[in-house]
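# Descriptive analysis of the structure
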Amino acid sequence: MEFIWNDGGRSSAGFVGLAGDCVTRAIAIATGTSYRDVYQSLGKSANKTVRNGVCSSVGDEYLRANQWRRHHGNGLSFHAEHLPRGVVVVHLEKHNTRRGGHFCCLIDHEIHDTWNPMDDDDYAIVNYWTFAGAPSDSTLPAIGPQRPQDSEQLLTQNEFEKILRRLRALDTTASNHASTEGEKRNALRMMQSLMLRHNLSREDITEDDNIESVSYTRMACPVNGRRACAWEKSLAAYVSEEIFPMVQWYYGRKQNRTLFWFYGPLDDVKNCILLYRELLLTIATAAQLQYGGHSRGSGASYAEGYVGGMPKQVSQTPNAMAEDQAFSQSALIHARTLAVKQAALDWLKLECGISLVMSRGSGRDQHDPDAANRGQRHGSKHDLSTVTGRKRIGNSK
């Protein structure tokens, strides 16, 4: 199934910060209702902020009240043939787990979400919902995510944006050292009243140097074989550290294949995977042509050398820039990069329920120094001046 990144209108509704909001997002996309309206309705039913998710029963209640019919998934695997076409809200859970699972929206078997559940292991269909008013033989969306807002929706959205701006102004007053104690207490009291009334939390209104408003995603790049080659791991580290420093990666197995997951800011992750796939093909093809393979023996040594020889620090500081200014700019970029990477790690745990652990593997036998040196020479000539262009390898000598 094709994956289309869609946050359900969360960012455009004025929300910031990380959130485990899959139920709100899926319903907003499927019904065409504004994210803010779904957020408030679910919060009212749950009697709490839905920032970190709600019980599936709350989502079921909302959908049933809006003429959506629930169907049992019977634990079938998450595949297109097990779900109807049109607009579908799906409740997924992993086998042999007690986690609350995940909600996502499908439109004609296209996944609309902030990450692709198809990339993960063992997701099964618990329940799914279809719109009761849709014709049974229709293959087109019954409602769709792009339904235009009416004048009432626009009016209430404008009022909601005023509330968010008011809360942020009060938060600034409460945290300002120049404010008097009375002003701070009054601002905090008004903030608490507004947040309780609208089921909001401080994280919904607090922006930290725009870090929390970054759109995150997680995407997988499959490679052949149950075991990832050392050079494939080194290449993932190279691409994420040297070219896209805000992107992070990890890997795991799915049946007879290894998946490399990249996560972080949306655009960076998309471009990172495109470059990683291209470099994989380039290096594996070169090793195959010269040594008959890329996963073991001299071919693997060549590939390892190729990755190790690739140029570092592609972007250089202009000579005209003063040294102290360059240092200050570099420090700011580094600090922001670290903040985005930490936020992405938090997002991965909150949204996807994944906590990463470090592991060490055993070394590989049959290392060929000559092949590795040859690969290093070829890798050092690799042109990465434009990461979007097609890469070519020169003549082997």
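Look up: the structure comes first, before these words.
Residues numbered from 1 in each chain as written. Predicted model: local features only at pLDDT ≥ 70, side-chain atom pairs only at ≥ 80, totals over all residues. Heavy atoms only, no water.

### Regarding the overall build of the protein chain
Within the protein chain, the secondary structure is distributed over 10 helices and nine strands. Among the 397 residues that make up the protein chain, the fraction classed as buried is 45%. The contacts in the protein chain between residues at least 6 apart in sequence include a share of 73% that link residues at least 24 apart. Element-wise, carbon and sulfur atoms account for 48% of the exposed surface of the protein chain, whose accessible area totals about 21300 Å². (Helix = DSSP H or I, 4+ residues; strand = E, 2+ residues; numbered from the N terminus. Buried < 20%, exposed > 50% of the residue type's maximum accessible area, 1.4 Å probe, protein only. Contact = heavy atoms within 4.5 Å. Areas by Shrake-Rupley, 256 points an atom, 1.4 Å probe, with all protein chains shown as cover.)

### A look at the sheet that holds strand β4 (residues 102–107)
Strand order in this open sheet of six strands is β1-β5-β4-β3-β6-β2, and the pairing throughout is mixed. What marks the edges here is a single partner per strand, and that holds for β1 (3–5) and β2 (68–72). Looking at each pair of strands side by side, their axes are set apart by 30° on average, direction ignored. Relative to strand β5 (residues 110–113), β4 is paired through three bridges, and the arrangement is antiparallel. When the sheet's bridge partners are listed, Cys-105 is paired in β5 with His-112. Taken strand by strand, helix α3 (residues 56–65) contacts β2, β3 (87–94), β4 and β6 (123–131), and its axis lies near 135° from that of β2. (Pairing = 2+ DSSP bridges. Axes fitted to C-alpha atoms, helices over the stretch in contact; angles between N-to-C directions.)

### Side note on the sheet that holds strand β9 (residues 257–265)
Taking strand neighbours across the sheet as the criterion, the three strands line up as β7-β9-β8 in an open arrangement whose pairing is antiparallel. Either end of the sheet is taken by a strand with one partner, and the two such strands are β7 (216–224) and β8 (248–254). Strand after strand, the sheet turns through a mean of 25° between neighbouring axes, direction not considered. Helix-sheet contacts for helix α6 (residues 230–243) involve β7, β8 and β9, and the interaxial angle to β8 is about 150°. Against the sheet, helix α7 (residues 266–291) touches β7 and β9, its axis set at about 10° to β7.

### Here's the deal with α3
Those residues of α3 that fall on the buried side of the exposure criterion are Val-58, Gly-59, Asp-60, Tyr-62 and Leu-63. In the core, the buried residues of α3 are packed alongside α1 (22–31), α2 (35–46), β2, β3 and β6. Positioned one or two residues after α3, Gln-67 has a phi angle of 70°, which is positive.

### Looking at the pattern of salt bridges
A complete count under the given rule lists seven salt bridges for this structure. In this structure, Arg-25 engages Glu-351 in a salt bridge whose closest nitrogen and oxygen atoms are separated by 2.4 Å. With a gap of 326 residues between them, Arg-25 in helix α1 and Glu-351 in helix α9 (residues 323–352) connect regions that are remote in the sequence. For the pair shown, Arg-25 and Glu-351 are each scored as buried. Here Arg-36 ties to Asp-37 by a salt bridge, and the two come within 1.8 Å at their closest N and O atoms. On the basis of relative accessible area, Arg-36 is assigned to the buried category, the value being 2%. Members of the salt-bridge network, linked through shared partners, are Asp-21, Arg-25, Asp-113 and Glu-351. (Salt bridge = Lys/Arg side-chain N within 4 Å of Asp/Glu carboxyl O.)

### Some points on the environment of Arg-166
Relative to the assigned elements, Arg-166 resides in helix α4 (residues 151–175). For Arg-166 and Met-191, which are 25 residues apart along the polypeptide, the C-alpha to C-alpha distance reads 8.6 Å. What Arg-166 contacts, discounting residues up to four positions off in sequence, is Met-190 and Leu-194.

### Details of the nonpolar core
Core analysis: the biggest nonpolar cluster contains 64 residues, and Phe-78, Val-90, Trp-231, Leu-235, Val-239, Phe-262 and Tyr-276 have the highest contact counts within it. It is α7 that contributes the most residues to this core, 12 residues altogether. Inspection of this core shows a minimum of three residues originating in each of domain 1 (2–131) and domain 3 (216–313 + 337–358 + 366–380). Setting aside residues up to four positions removed in sequence, Tyr-276 forms contacts with Cys-221, Glu-232, Leu-235, Ala-236, Val-239, Phe-260 and Phe-262. Membership of the second largest hydrophobic core comes to 35 residues, among which are Val-23, Ile-27, Ala-30 and Tyr-62. (Core = buried A, V, L, I, M, F, W, Y, C linked by side-chain atoms within 4.5 Å. Domains from an automatic or database assignment.)

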